[in-house]
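Chain by chain, the residues run as shown.
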Amino acid sequence: MSELHIYNSYTRQKEKFESITPGYAGLYVCGPTVSGESHLGHARPYITFDVVQRYLRHLGYKVRYVRNITDAGHFEEEGREAEDKVSEKAKLEKLEPMEMVHKYTSLFHKGMAMFNCDEPSIEPTATGHIVEQIDMIQDIISKGYAYEVNGSVYFDVTKYAAEYPYGKLSGRVLEDQLETTRDLDGQDEKRNKADFALWKKAPPEHIMRWNSPWGEGFPGWHIECSAMSSKYLGETFDIHGGGMDLQFPHHESEIAQSTIAHGHPPVRYWMHNNMITINGKKMGKSYNNVIKLSELFSGSHPLLAQAYHPMVVRFNILQTHYRSTLDFSNEALQASEKAFRRLWEAYETLQKLAHPGNENASDAELDSKVNTWLAECADFMNDDLNTAKVIANFFELAPVINGIKGGQVKADALSAATFVALKATFSAYLVDILGMEPLQEEQSDKLDKVLSLLIDIRKDAKKRKDFATSDLIRNQLAENGILLKDEKDGSVSYSVN
RNA sequence: GGUCGGAUGGCCGAGUGGCUAGGCUCAGCUCUGCAAAAGCUGCUACAGCGGUUCGAAUCCGCUUUCGACCUCCA
């Protein structure tokens, strides 16, 4: 039995996972900034880490999964003019920040639910932890690694880098960073260009603002994750996850802040998922190539040939290793949809299948292969969460299941023990760990009764060789999205699209 | 410009120094009143050029090319 190994971005190698507290695992994942609607790009990290979290639970860990909501900072609603606090508009006409934040948080939650992502154990908000952030900033100042200028506070990266390996996570050298000639906000206030804000003074027109020892302002982007992760997971915790694009500067800054505040690095294992690209380019606001989740599910985007079910998207994402880029295309999604339908049907078939009870396999070779495929699932997951390989093995098993049902494989080909293992493993990995759900809801009893009636009438017509009637029923139903299948044993099943 | 990571069969994608991943498409067959589904069979690829090796798609070097990060970003 292999053990879980994960690729640690910090050391750039696969390492055996050992939790700090035996039996418990702490996982922190950078959540969304809720100033706009979630898009396809957001789906990847949250689905990836949902599987991480599910797998850790499967391994027996009691997991605390913390995923924040970034609802504070210098942002305004997409597509809406920035409004200022001192404008003449009436209160109700103005954009209320919490209103916007609530709207997009809510949409994000709905999207996650559709993807069947488990809710995190704690979902802390930045606005709910202003006090903790201020405390942490004061602590860093008192230790001499941050300074205040005009109501803003900056982290002294140069000083930090002299003693600590700043840039190790993202693989860059501080000297290179100092070369940049960008004109950033507050650049003239900083002692060095690489310094980053812990607290920013709010200009008069800025709506989001809080009192602090340095005047009214709002927290810097990086400090929230440090403050909240240490509060809920401890000063050192097991896994920190997020998109690769957050490695620098966000995660690098988190390491620096926490290292000064607590005297040691915050995270044991850093995990980063790769990006979703579209036509080879990263999907992101700045590229104007974003497909929102609502558009994805409804098909209402010029790039989409059709609507895609959340489970199809989830399946497609899991068919690719999380550290590889995943290029979006209609062809790929359509292939995933067909593949997933086939796989799920095999899974459902397996649930209904009964084993004759023979202790010994009549087909020892097949029995042995099946056992290998099942055992490999754990090995693949343990090898840095290789969901793609797990899925590949499902597709090895599907023909065996379908073959038993269709008679191409003998019912007693597998031993009773293997059959039990097949059922248990398929369900554990496909449903519990990969988190897949059927594409269609349970059918209502009434529909079921109506269809049984039609199926009976059609059976009768077929018996009389009245194929005109039987085909009419089948074709009419097909036009309405209900497919009838004549099974080998003479029964008829249906599926609704 | 700096740093890092890719280039795999018609398409998507995994992966390892030698043992045909898998999915989708396509073609043929079996079953079937027909269809669908299912099953079986076929389609052997790793950007290019050198090198290391008994053997490399897998290791090294160079070239071409794409991308990510360096700025808010999942």
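Structural data are supplied above this passage.
First things first, this report covers the structure right here in the doc. If you're wondering where the values come from, they're calculated on a predicted model, not measured in any experiment.

1. Quick look at the layout of surface pockets
Its boundaries defined by the atoms lining it, the second largest pocket holds a volume of some 1200 Å³. Considering the residues around the second largest pocket, the lining is formed by 32 residues, among which Glu345, Glu348, Lys352, Lys485 and Tyr494 are closest to the centre. Elements represented by at least two residues in the lining of the second largest pocket include exactly helix H10 (330-352), helix H12 (387-406), strand E14 (482-486) and strand E15 (492-496). Sorting elements by how many residues they give to the lining of the second largest pocket places H10 first, with nine residues. Taken together, the residues of the lining of the second largest pocket sort by class into nine nonpolar, nine polar and 14 charged. Mapping the lining of the second largest pocket onto the domain boundaries places at least three of its residues in each of domain 2 (278-433) and domain 3 (445-496).

2. Overview of the sheet that holds strand E4 (residues 62-67)
Ordered by their spatial adjacency, four strands build an open sheet running E4-E3-E9-E10, and the pairing between neighbours is parallel. In this open sheet, the two edge strands, each paired with only one partner strand, are E4 and strand E10 (267-273). Direction aside, neighbouring strands of the sheet carry axes that sit 20° apart on average.

3. Notes on the side chain of Gln247
In this structure, Gln247 sits in helix H7 (residues 247-262). The exposure class of Gln247 is buried, given its relative accessible area of 17%. Side-chain polar atoms of Gln247 contact the side chain of His272, separated by 3.3 Å. Beyond its immediate sequence surroundings of up to four residues, Gln247 is in contact with Ser9, Leu169, Ser170, Glu252 and His272.

4. Quick notes on the pairing of strand E3 (residues 24-29)
Taken across its six residues, E3 has five buried, putting it largely inside the fold. Relative to E4, E3 runs parallel, the two sharing six bridges. Each bridged residue has a counterpart across the sheet, and for Val29 the counterpart in E4 is Arg67. Here E3 pairs with strand E9 (residues 237-243) via three bridges, running parallel. Residue Tyr28 lies in a different strand from E9, and its bridge partner there is His240.

5. Brief notes about the packing of aromatic side chains
Tallied over the full model, the rule gives 17 aromatic pairs. The interplanar angle of 40° and the centroid separation of 6.0 Å between the aromatic rings of Tyr147 and Tyr154 together place this pair among those described as tilted. The pair Tyr147 / Tyr154 is uniform in exposure class, with both members buried. Judged by centre distance (6.4 Å) and plane angle (70°), the rings of Phe315 and Phe395 are edge-to-face. You can see Phe315 sitting in helix H9 (residues 310-318) and its partner Phe395 sitting in helix H12, a full 80 residues away along the chain.

6. Considering the protein's contact with RNA strand B
The environment of RNA strand B is formed by 58 residues, the closest being Trp221, Leu246, Lys282, Met283 and Lys338. Of everything in RNA strand B that lies within 4 Å of the protein, sugar and phosphate atoms constitute 68%. Between RNA strand B and His42 there is a distance of 3.1 Å, counted from a sugar or linking oxygen to a side-chain nitrogen or oxygen. Contact between RNA strand B and Gly171: a sugar or linking oxygen at 2.6 Å from a main-chain N or O atom of the residue. Looking at the surface near RNA strand B, the element that brings in the most residues is H12, giving eight residues. Taken together, the residues that form the surface near RNA strand B break down as 20 nonpolar, 20 polar and 18 charged.

Parameters at a glance
Residues numbered from 1 in each chain as written. Chains lettered and ligands numbered in written order. Predicted model: local features only at pLDDT ≥ 70, side-chain atom pairs only at ≥ 80, totals over all residues. Heavy atoms only, no water. 1 Å grid on protein atoms, 1.4 Å probe; cavity = no way out; pocket = protein on both sides within 12 Å on 5 of 7 lines; lining within 4 Å. Points joined across faces, edges and corners; volume = space filled by probe spheres on them. Helix = DSSP H or I, 4+ residues; strand = E, 2+ residues; numbered from the N terminus. Nonpolar A, V, L, I, M, F, W, Y, C, P; charged D, E, K, R; others polar. Domains from an automatic or database assignment. Pairing = 2+ DSSP bridges. Axes fitted to C-alpha atoms, helices over the stretch in contact; angles between N-to-C directions. Buried < 20%, exposed > 50% of the residue type's maximum accessible area, 1.4 Å probe, protein only. Polar contact = N/O pair within 3.5 Å; in protein donor to acceptor, adjacent residues only side chain to side chain. Contact = heavy atoms within 4.5 Å. Phe/Tyr/Trp six-rings, centres within 6.5 Å; stacked < 30°, edge-to-face > 60°. Near = heavy atom within 4 Å.

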